[in-house]
2 protein chains.
Amino acid sequence: MDVTKFAIPEIIFGRGSLNYAGQCALRLGARKVLLVSDSGIEEAGWVQRLMDILRKDGIDWVYYPGVSSNPRDFQVEQGAEFYREHGADVIIAIGGGSSMDTAKGVAIIASNGGRIRDYEGANRVNRPLPPMVLITTTAGSGSDISQFCIITDVERAVKMSIITRTLVPNISIVDPLILQTKSETLIIQSAVDALAHAIEAYISTIASPFTAMQSLKAIDLILRYLPQAVATRSMDFLEQLSIASTAASMAFSNASLGAEHALAHSLGGHFDMRHGVIHPILLTAVMRFNLYHAEARMAEIGRVVLDRTVGTPRETALAGIDRLESFFASFDVPLRLRQVIAEADRRYLEPICRMAVNDACNLTNPRPASWQEFLQICEEVW
Amino acid sequence: MDVTKFAIPEIIFGRGSLNYAGQCALRLGARKVLLVSDSGIEEAGWVQRLMDILRKDGIDWVYYPGVSSNPRDFQVEQGAEFYREHGADVIIAIGGGSSMDTAKGVAIIASNGGRIRDYEGANRVNRPLPPMVLITTTAGSGSDISQFCIITDVERAVKMSIITRTLVPNISIVDPLILQTKSETLIIQSAVDALAHAIEAYISTIASPFTAMQSLKAIDLILRYLPQAVATRSMDFLEQLSIASTAASMAFSNASLGAEHALAHSLGGHFDMRHGVIHPILLTAVMRFNLYHAEARMAEIGRVVLDRTVGTPRETALAGIDRLESFFASFDVPLRLRQVIAEADRRYLEPICRMAVNDACNLTNPRPASWQEFLQICEEVW
């Protein structure tokens with residue numbers, strides 16, 4: 001095996017782990033915390049809860065609420081200004097991928113200066129970031145574990161992938177109790193996001209035995225427990241989704257992703273759609289596109305998805321993809337692009353596909369995808 | 001699940017990863033490196049090789065060679081003095097558990113002062129340690145990954161377990177190419193050490209899904225590849241042992257160990273025997289002792305060891321233990337205590353067992369062991 005790296009944050013996992021947020025910040029030397037979150041998390045009461053925890057631990061904080069779904073470049077740059085104005089020294093985010101990616105973007109600008117677009121791509125951040133504690137409120141985005149940060153460049157209407165080792169936060173807090181306040185739709189979208197992370201990381205050209213193990217575990221847990229988690233909302237099943245998402249995040253942070261995420265980023269940047277909406281539409285189409293270029297690994301995914309093998313490796317791989325399609329269809333989610341994009345906007349698919357080719361995630365796909373191939377995939381799932 | 005923590009270093013894994021040692025030190029801000037190793041590694045040429053790498057990267061270093069097998073308290077304390085005298089700021093160790101544990105002990109004293117025995121037990125180290133890069137030359141000890149440090153207290157003739165989060169090094173380098181210069185005996189002893197780590201971590205009272213996954217992977221790889229690795233010395237198989245050891249280390253560092261390691265530490269401290277010698281003698285006896293207190297998990301170990309289930313969970317668990325016994329017997333290693341301890345020294349077993357009860361590893365064993373029970377285990381395997 002070639003040289004491979006495996007880096008993850010310290011993870012504090014379990015029901016009630018949110019209570020450790022203050023101690024974590026203190027351990028990182030916090031004197032003034034920049035707290036990042038969004039209105040949804042505020043309304044669910046988690047921001048207040050976190051403030052109470054910090055107060056109890058005697059920690060001073062300032063709150064930056066300027067987070068939207070699909071965070072924008074200017075929000076990150078304003079956040080960094082806010083960080084500096086208030087003399088903060090540690091960043092805590094509580095939320096989904098949007099809040100946590102905003103926190104990461106703020107951290108980059110706060111210590112490296114410039115504009116966030118200067119850091120698009122892999123390994124463009126040079127100076128160390130302020131210490132970060134990221135508290136995930138979903139079981140999906142994995143931003144609390146990963147070296148990824150996705151920020152929308154408003155001018156170009158594209159989601160930029162910023163990928164660098166220093167974006168791995170110091171500490172990730174995963175408290176499955178928080179999932180209880182989430183809607184069914186969000187739980188499904190997040191779990192499918194985690195599933196897409198696990199699958200794309202597994203067939204990535206830079207997967208390693210350390211990431212592969214995590215991918216397979218995540219795929220197994222999501223197939224096994226998502227239906228029950230949605231049906232019963234039982235903590236035992238929700239917790240399994242948190243474990244799955246954490247495992248999938250360890251995988252994709254170190255193995256990166258593939259063509260499906262490259263396309264999802266471009267579509268999401270253009271249409272400002274939630275990331276989780278797009279995977280049930282694209283994932284199996286991209287898996288079929290990749291099949292002959294990663295057959296053994298696709299068969300292993302099939303084996304885990306089906307919990308058995310059927311005939312040849314190729315047959316197992318294909319049966320796995322079929323099973324995933326019926327799995328997605330068992331939930332009330334869009335399965336075709338036309339359900340989320342208006343007919344009048346179909347003409348934007350070509351420029352979107354031309355953009356997707358340049359996404360960093362496309363570099364590690366087992367089969368390099370051209371913009372024409374991306375467009376063909378979009379047409380197939382239209 | 002209760003709140004659980006999972007912390008590992010950044011891992012740089014693969015053939016040739018040793019070449020990254022200098023860059024790692026620079027990334028940690030090194031101006032003068034304290035290099036720790038032992039005569040065996042020197043003779044195999046690896047210390048010179050590492051010095052050449054550091055020189056090429058323009059890094060200044062001082063070499064502390066004062067490492068013995070089963071490192072002693074005074075060696076660690078002298079090393080810390082040496083570190084301070086030379087104004088070192090980063091520690092790099094290359095070697096097995098002895099070199100890496102010496103480096104950790106030096107790091108503790110260098111920044112916390114006092115005597116190493118002041119830190120025996122769990123979480124007694126308060127101040128941050130100097131940055132550490134640990135390069136393992138075996139596939140077993142796991143000190144390059146773990147929050148453990150085992151140092152012999154010469155006066156009490158006991159191996160002290162020092163366990164704290166801050167002992168996780170910043171970076172672990174695992175280069176399987178180094179295994180090619182190792183003897184057959186050392187490869188076997190190291191792999192069996194890793195196997196004991198994986199098994200004890202799996203049934204530990206503080207195991208988590210994140211550690212369990214790593215344990216099972218390690219058990220599977222060691223059973224599958226150790227015989228071929230020993231027979232052929234092929235890099236492909238040796239590399240699998242490195243993967244197994246790294247996985248086992250992620251598991252035990254976070255789930256801790258059990259009664260077998262508690263007893264092994266006490267025996268090893270008294271008789272100054274290599275750690276790897278003792279596991280084939282004790283491991284299955286301790287597994288039988290634990291069986292009814294962790295039956296489901298022992299059955300899962302059995303399933304992985306046998307690659308199938310047989311009858312009831314208890315039958316699978318027992319068949320797995322039988323299989324491990326024949327696995328150990330297939331190598332040319334001692335299987336009874338009398339092969340490694342003289343008859344005249346048998347009288348020391350009682351005080352040794354009284355000491356083992358207090359080892360931190362005994363706290364997480366599924367069945368708390370009394371000194372009388374430890375003694376009975378020793379008599380069984382005499």
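Residues numbered from 1 in each chain as written. Chains lettered and ligands numbered in written order. Predicted model: local features only at pLDDT ≥ 70, side-chain atom pairs only at ≥ 80, totals over all residues. Heavy atoms only, no water.

Going by an unreviewed UniProt entry, chain A carries the name Alcohol dehydrogenase and comes from Desulfoprunum benzoelyticum. What the UniProt record of chain A gives under Sequence similarities (unreviewed entry) is the line "Belongs to the iron-containing alcohol dehydrogenase family." (UniProt positions renumbered as here; feature names shortened; annotations may be inferred.)

Q: Before we move on, could you go through the domain arrangement of chain A and cite the residues and values that matter?
A: Residues and elements named next belong to chain A. What the domain assignment lists for chain A is domain 1 (10-178) and domain 2 (184-380). A C-alpha centroid distance of 25 Å is found between domain 1 and domain 2. At the boundary of domain 1 with domain 2, total buried surface from both sides reaches about 2,400 Å², with 59% on carbon and sulfur atoms. Three residues, Arg15, Ala139 and Lys159, lead the burial of domain 1 against domain 2; their summed loss comes to 23% of the area buried on that side. Linking domain 1 with domain 2 are two salt bridges. (Domains from an automatic or database assignment. Buried area = accessible area lost by both parts, 1.4 Å probe. Salt bridge = Lys/Arg side-chain N within 4 Å of Asp/Glu carboxyl O.)

Q: Residue-level account of the interface of chain A and chain B, with values.
A: On the chain B side, the residues contacting the 30 residues of chain A number 30 residues. For the pair chain A and chain B, the summed buried surface comes to about 2,600 Å²; carbon and sulfur atoms form 67% of the total. Counting across the interface, chain A meets chain B through two salt bridges. Between A:Glu10 and B:Arg165 there is a salt bridge, with the nearest N and O atoms lying 2.7 Å from each other. Between the two partners, chain A and chain B, sit six residue pairs in polar contact (both at pLDDT 80 or more). Those elements giving two or more residues to the side of chain A that touches chain B turn out to be strand S1 (4-6), strand S2 (10-13), helix H7 (209-232) and helix H8 (235-255) of chain A. In terms of residue class, the side of chain A that touches chain B is built from 16 nonpolar, six polar and eight charged. Across three bridges, S2(A) lies against strand S1 (residues 4-6) of chain B in antiparallel orientation. Across the sheet, residue A:Phe13 finds its bridge partner in S1(B), namely B:Thr4. (Contact = heavy atoms within 4.5 Å. Polar contact = N/O pair within 3.5 Å; in protein donor to acceptor, adjacent residues only side chain to side chain. Helix = DSSP H or I, 4+ residues; strand = E, 2+ residues; numbered from the N terminus. Nonpolar A, V, L, I, M, F, W, Y, C, P; charged D, E, K, R; others polar. Pairing = 2+ DSSP bridges.)

Q: I'd like to hear about the pattern of salt bridges, residue by residue, with values.
A: Counting across every chain of the model gives 46 salt bridges over all chains. For B:Asp220, the salt bridge is made with B:Arg224, and the minimal N-O distance between the two is 2.8 Å. Highlighted residues: B:Asp220 and B:Arg224, both in helix H7 (residues 209-232), separated by four residues, approximately one helical turn. For B:Arg224, a relative accessible area of 38% puts it in the partly exposed group. B:Arg288 is the partner of B:Glu325 in a salt bridge, and the nearest nitrogen-oxygen pair spans 3.0 Å. Taken together, the residues B:Glu325 in helix H12 (residues 313-329) and B:Arg288 in helix H10 (residues 275-290) connect sequence positions 37 residues apart. Each of A:Arg117, A:Glu120, A:Asp153, A:Glu155 and A:Arg156 takes part in salt bridges that share partners, so that together they form one network. (Buried < 20%, exposed > 50% of the residue type's maximum accessible area, 1.4 Å probe, protein only.)

Q: Pulling in residues and values, what's your account of the packing of aromatic side chains?
A: Using the criterion set out here, one finds 14 aromatic pairs over all chains in the structure. Relative to B:Phe13, the ring of A:Phe210 lies with its centre 5.1 Å away and its plane at 75 degrees, an arrangement referred to as edge-to-face. Residue A:Phe210 is located in helix H7, and its partner B:Phe13 is located in strand S2 (residues 10-13); the two belong to separate chains. Each member of the pair, A:Phe210 as well as B:Phe13, is classed as buried. Ring geometry for B:Phe327 against B:Phe331: centres 5.1 Å apart, planes inclined by 85 degrees, an arrangement best described as edge-to-face. (Phe/Tyr/Trp six-rings, centres within 6.5 Å; stacked < 30°, edge-to-face > 60°.)

Q: I'd like a description of the environment of B:Phe82, backed by residues and values.
A: Residues and elements named next belong to chain B. Mapped onto the secondary structure, phenylalanine 82 falls in helix H4 (residues 73-85). Through-space distance from the C-alpha of phenylalanine 82 to that of serine 172 is 23 Å; in sequence the pair is 90 residues apart. Apart from the residues within four sequence positions on either side, phenylalanine 82 is in contact with Leu34, Val62, Tyr63 and Tyr64.

Q: How would you sum up the sheet that holds strand S6 (residues 121-122) of chain A? Please name residues and give values.
A: Residue and element names in this part refer to chain A. Across the sheet, which stays open at both edges, the three strands sit in the order S6-S9-S8 with mixed pairing between neighbours. Pairing within the sheet leaves two strands with one partner each, and these edge strands are S6 and strand S8 (148-153). Relative to strand S9 (residues 158-163), S8 runs antiparallel, the two sharing six bridges. Opposite threonine 152, over in S9, you have lysine 159 as the bridge partner.

Q: Go over the pairing of strand S5 (residues 90-95) of chain B with me, naming the residues and quoting the values.
A: Residues and elements named next belong to chain B. The buried count for S5 comes to six of six residues, which makes it a mostly enclosed element. Of the two faces of S5, both are covered, the one formed by Val90, Ile92 and Ile94 as well as the one formed by Ile91, Ala93 and Gly95. Across five bridges, the pairing between S5 and strand S7 (residues 132-136) is parallel. Bridging from a neighbouring strand, alanine 93 pairs with leucine 134 of S7.

Q: Lay out the relation of the copies chain A and chain B with the relevant residues and their values.
A: Each copy superposes on the other: chain A lies on chain B with an RMSD of 0.0 Å after a rotation of 180 degrees and an axial shift of 0.0 Å. These values place the two chain copies in the arrangement generated by a two-fold rotation axis. Take the interface residues of chain A: 100% of them recur as interface residues in chain B, which is what a same-surface contact looks like. (Least-squares fit on C-alpha atoms with pLDDT ≥ 70 in both.)

Q: Lay out unusual backbone geometry with the relevant residues and their values.
A: Residue and element names in this part refer to chain B. Look at serine 256: it is not a glycine, yet its phi comes out positive at around 60 degrees. In this fold, serine 256 is placed in the loop between helix H8 (235-255) and helix H9 (259-271). Residue class for serine 256 comes out buried when judged on its relative accessible area of 9%.

Q: Explain the nonpolar core residue by residue, including any values.
A: Counting residues in each nonpolar core, the largest one holds 111 residues, and the members touching the most others are A:Ile219 and B:Ile219. Apart from residues lying up to four places away in sequence, B:Ile219 is in contact with B:Leu195, B:Ala198, B:Ile199, B:Ile301, B:Val304 and B:Val305. (Core = buried A, V, L, I, M, F, W, Y, C linked by side-chain atoms within 4.5 Å.)

Q: Summarise the UniProt feature "domain: Alcohol dehydrogenase iron-type/glycerol dehydrogenase GldA" (unreviewed entry) in chain A; cite the residues concerned and give the values.
A: When the UniProt feature table is mapped to this numbering, "domain: Alcohol dehydrogenase iron-type/glycerol dehydrogenase GldA" (unreviewed entry) covers residues 10-176 of chain A. What you have in residues 10-176 of chain A is 31% helix and 26% strand, and the ends, taken at the C-alpha atoms, are 17 Å apart.

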